[in-house]
Amino acid sequence: MGGIGSGRRWYYDAAETTDDYLALDIRRWKRDGLLTPGRWLGWQWSRNGSQIAAIRARVETDRVVLVYRHKTGGADWKDEEYPVYLEWTPCHLGGTRPWFLCPASGCGRRVAILYGGGIFACRHCHELGYPSQREPDYERAARRADKIRDRLGWEPGILNGAGLKPKGMHWRTYDRLTAQHDAFVSASLAGMAARVRLLGDSIDDWI
Ligand SMILES: [Zn+2]
């Protein structure tokens, strides 16, 4: 997949949670009709009513190119421009849904949400910088994901993919629950992957 993040690592304050990151949610972009090849999309984040960050992205057929500037501490503004590849998978009831493939070097994980600060990457990648901050073990994460699946009326089992929004549930609630669900699923899969590696299986190509 190449390049971004090669040889660099990014660190965040250990006290931060995913709520403190800037999140890009591909489902939201699709729902808002922003994924039209050849178009630019703009996205912004606000807190307490004022804009805190913004990004632009050029939409191409199989990827979006993120374009933004960022600044860390007292450093100068740094321009970033790099592609994030997309993958489309079929939905249960027809149609397709898009995913980001995490652009961090060596990752390529299929995720709905990328978290940013300096570089946008999946939750798992951001946590690699944190040996001290361990995920709950994978079984616990899977159980928590299943609890959310239950609330959403989805088939149990984190490998069963996403279902639909229950009738009558607000989109905001649905977005929050699915984001939490995805985070638990990633955590669980990462935990399983780590365990498989401990058992001697080589899965280096996807961890
Ligand atoms: Zn990643």
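Just above sits the structure.
Residues numbered from 1 in each chain as written. Predicted model: local features only at pLDDT ≥ 70, side-chain atom pairs only at ≥ 80, totals over all residues. Heavy atoms only, no water.

Peer 1: Quick question: what am I supposed to make of the side chain of Arg 27 here?
Peer 2: When you line up the elements, Arg 27 lands in helix α1 (residues 26-31). A distance of 3.3 Å separates polar atoms of two side chains, one belonging to Arg 27 and the other to Thr 178. Arg 27 has contacts with Arg 97, Ala 112, Ile 113, Thr 178, Ala 179 and Asp 182, leaving out every residue within four places of it along the chain. (Helix = DSSP H or I, 4+ residues; strand = E, 2+ residues; numbered from the N terminus. Polar contact = N/O pair within 3.5 Å; in protein donor to acceptor, adjacent residues only side chain to side chain. Contact = heavy atoms within 4.5 Å.)

Peer 1: I'm lost on the nonpolar core in this one. Help?
Peer 2: A general trend in soluble globular proteins is that nonpolar side chains are found buried together. Counting residues in each nonpolar core, the largest one holds 35 residues, and the members touching the most others are Leu 24, Trp 29, Val 64, Leu 66, Phe 100 and Phe 120. Of all the secondary-structure elements, those providing two or more residues to this core are β1 (22-25), α1, β2 (40-47), β3 (50-59), β4 (63-70), β5 (78-90), β6 (96-101) and β8 (113-116). If one sorts the elements of this core by residue count, β3 sits on top with four residues. Residue contacts for Phe 120: discarding those within four places in its chain leaves Leu 22, Leu 24, Trp 45, Ile 55, Leu 66, Tyr 68, Tyr 82, Pro 103, Leu 114 and Tyr 115. Residues Ala 142, Ile 148, Trp 154 and Tyr 174 belong to the second largest nonpolar core, which totals 11 residues. (Core = buried A, V, L, I, M, F, W, Y, C linked by side-chain atoms within 4.5 Å. Buried < 20%, exposed > 50% of the residue type's maximum accessible area, 1.4 Å probe, protein only.)

Peer 1: Is there a simple way to think about the pattern of salt bridges in this case?
Peer 2: It is possible for side chains of opposite charge to pair when their charged atoms get near one another. Per the counting criterion, the structure on display carries 10 salt bridges. In this structure, Asp 32 and Arg 28 form a salt bridge, with 3.3 Å as the shortest nitrogen-oxygen distance. Look at Asp 32 and you get partly exposed, because its relative accessible area is 37%. Among the ionic contacts, a cluster of salt bridges with common partners joins Arg 58, Glu 60, Arg 63 and Glu 81. (Salt bridge = Lys/Arg side-chain N within 4 Å of Asp/Glu carboxyl O.)

Peer 1: Help me understand the coordination of the zinc ion in this model?
Peer 2: Each pair of donors in an ideal four-coordinate tetrahedral metal site encloses 109.5 degrees, whereas pairs in an ideal six-coordinate octahedral site enclose 90 or 180 degrees. Taken together, the protein ligands of the zinc ion are Cys 102 (SG), Cys 107 (SG), Cys 122 (SG) and Cys 125 (SG), with distances of 2.2 to 2.3 Å. Geometry at the zinc ion is tetrahedral, judged from the four donor atoms that bind it and their angles of 102 to 115° at the metal. We note that the donor set of the zinc ion lies within a single chain, spaced as C-x4-C-x14-C-x2-C. (Donors = N, O, S within 2.8 Å, 3.2 Å for Na, K, Ca; no water. Tetrahedral: all angles 85-135°; square planar, octahedral: opposite > 155°, others 65-115°.)

Peer 1: Before we go on, may I ask you to explain helix α3 (residues 138-152) in this structure?
Peer 2: What sets the pattern is the α-helix's 3.6 residues per turn: residues three or four places apart point alike. For α3, spanning 15 residues, the distance from its first C-alpha to its last is 21 Å, which sits close to the expected 21 Å at 1.5 Å a residue. Ala 141, Ala 142, Ala 145, Ile 148, Arg 149 and Leu 152 are the residues of α3 that are buried. Viewed end-on, α3 has its buried residues packed into an arc of 120°, placing them on one side of the element. Of the exposed residues in α3, those oriented more than 90 degrees away from the buried face are Glu 139, Arg 143, Lys 147, Asp 150 and Arg 151. (Expected span 1.5 Å × (residues − 1). Arc of directions from axis to C-beta.)

Peer 1: So what exactly am I meant to see when it comes to a positive patch on the surface here?
Peer 2: On the surface, a cluster of positive charge is contributed by Arg 140, Arg 143, Arg 144 and Lys 147. Residue position: Arg 144 is located in helix α3. Among the residues examined, Arg 144 registers a relative accessible area of 36% and is labelled partly exposed. (Patch = residues over 30% accessible without salt bridge, like charges linked within 9 Å, V, L, I, M, F, W, Y side chains within 5 Å. Areas by Shrake-Rupley, 256 points an atom, 1.4 Å probe, with all protein chains shown as cover. Lys, Arg positive; Asp, Glu negative; His and termini not counted. Charge placed at Lys NZ, Arg CZ, Asp CG, Glu CD.)

Peer 1: Mind showing me how you'd approach the environment of Ala 162 here?
Peer 2: Relative to the assigned elements, Ala 162 resides in the loop between α3 and α4 (171-198). Between the C-alpha atom of Ala 162 and that of His 92, which follows or precedes it by 70 residues, the distance is 8.6 Å. Once you skip the residues sitting within four places of it in the chain, Ala 162 turns out to touch His 92, Arg 97 and Trp 154.

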